[in-house]
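Analysis of the macromolecular model
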Amino acid sequence: LYEWEQKHPSYFVKDTVSLTTLDGYYWIRLAKSYDNITDKNTPDIYRGYPDHPYSYGMESHNLLVFLINKMAKFVGNYYYAGAYLVIILSSLFMIPLFLYLNQIGSFSTAIVSAILTTFGYSYLYRTFVGRVDTDCMNLFFPFMMTYIIYLIPKLDGFKKYLFAILLGITAYLFMWWYYYPGFLIAYLGVLIFYLLIKREKFSSILFVSILFIIFANPKYFIYGFDNIK
């Protein structure tokens, strides 16, 4: 951000920022159009231009698009909104990762892992300033779901089912963010297997699994099998 301010002509063309991924322009274009899109079946005439201008629908339902649109109303610039979001959101995964590793009794490992992961080359490259893309939260949701699954058999009574609902809501947000429902089939399998080896009652496993599916949205699990195929 300091470089942008000091060398403005090198990174801006009028109000357009030189982003570090071409996909960033796609998401920002959708964020600009978000308030005017009322029909989810609206064709995206630019995405397939010029050969297939009506082959794609507008992905306005994406959570990243929604967040850029809302933040832009505060900062007054869609490109800055996207850049700020990447800076904030790309660090959030460290919270569930730290909590998970600390919970299993390894505080020092939790600290080191959080730091090493965020500076790992692949993740650092995919979360550069200006790389406005869904990469910036694709560690947070899997780590958060893993942490919640780990906690469920440790809880009693109502809390167990409350966290099953929380798992479903996290999964729903994950699909809103990055729509690959095959992931949820894998997580459902891990959830059931983990509860089995923890010797949970069958009725408890069934109820937790049902709550997870309902709050994540059952259609995602139906579509998940086709996604895996």
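This text goes with the structure placed above it.
To keep things clear, this report deals only with the structure shown in the data block.

Each value, and the rule that gives it
Residues numbered from 1 in each chain as written. Predicted model: local features only at pLDDT ≥ 70, side-chain atom pairs only at ≥ 80, totals over all residues. Heavy atoms only, no water. Salt bridge = Lys/Arg side-chain N within 4 Å of Asp/Glu carboxyl O. Helix = DSSP H or I, 4+ residues; strand = E, 2+ residues; numbered from the N terminus. Buried < 20%, exposed > 50% of the residue type's maximum accessible area, 1.4 Å probe, protein only. Phe/Tyr/Trp six-rings, centres within 6.5 Å; stacked < 30°, edge-to-face > 60°.

Section: the pattern of salt bridges
Counted by the stated rule, this structure contains six salt bridges. We note a salt bridge from D44 to R29, for which the minimum N-O separation is 3.0 Å. On the criterion of sequence distance, the pair formed by D44 in the loop between helix 3 (23-33) and helix 4 (63-75) and R29 in helix 3 is long-range, its members being 15 residues apart. Taking the shortest distance from any N to any O, the salt bridge between R126 and D135 comes out at 3.0 Å.

Quick notes on unusual backbone geometry
Of the consecutive residues Y49 and P50, the connecting peptide bond is found in the cis state with omega at 0°. By secondary structure assignment, the location of P50 is in the loop between helix 3 and helix 4. Positive phi, close to 60°, is recorded for R199, a residue that is not glycine. Summarising the element assignment, R199 is placed in the loop between helix 11 (182-197) and helix 12 (202-216). The exposure class of R199 is exposed, given its relative accessible area of 76%. The backbone of N217 sits at a positive phi, close to 95°, despite the residue not being glycine. Mapped onto the elements of the fold, N217 is located in the loop between helix 12 and helix 13 (218-228).

So, the packing of aromatic side chains
Taken as a whole, this structure holds 20 aromatic pairs when the rule is applied. Between the aromatic rings of F93 and Y123, the centroid separation amounts to 5.0 Å while the plane-to-plane angle is 75°, which identifies the pairing as edge-to-face. Note that F93 is positioned in the loop between helix 5 (78-89) and helix 6 (94-103) and Y123 in helix 8 (residues 121-125), a separation of 30 residues in sequence. Grouping residues by exposure puts F93 and Y123 together as buried. An aromatic cluster of three or more residues is present, and its members are F140, F141, F174 and F183.

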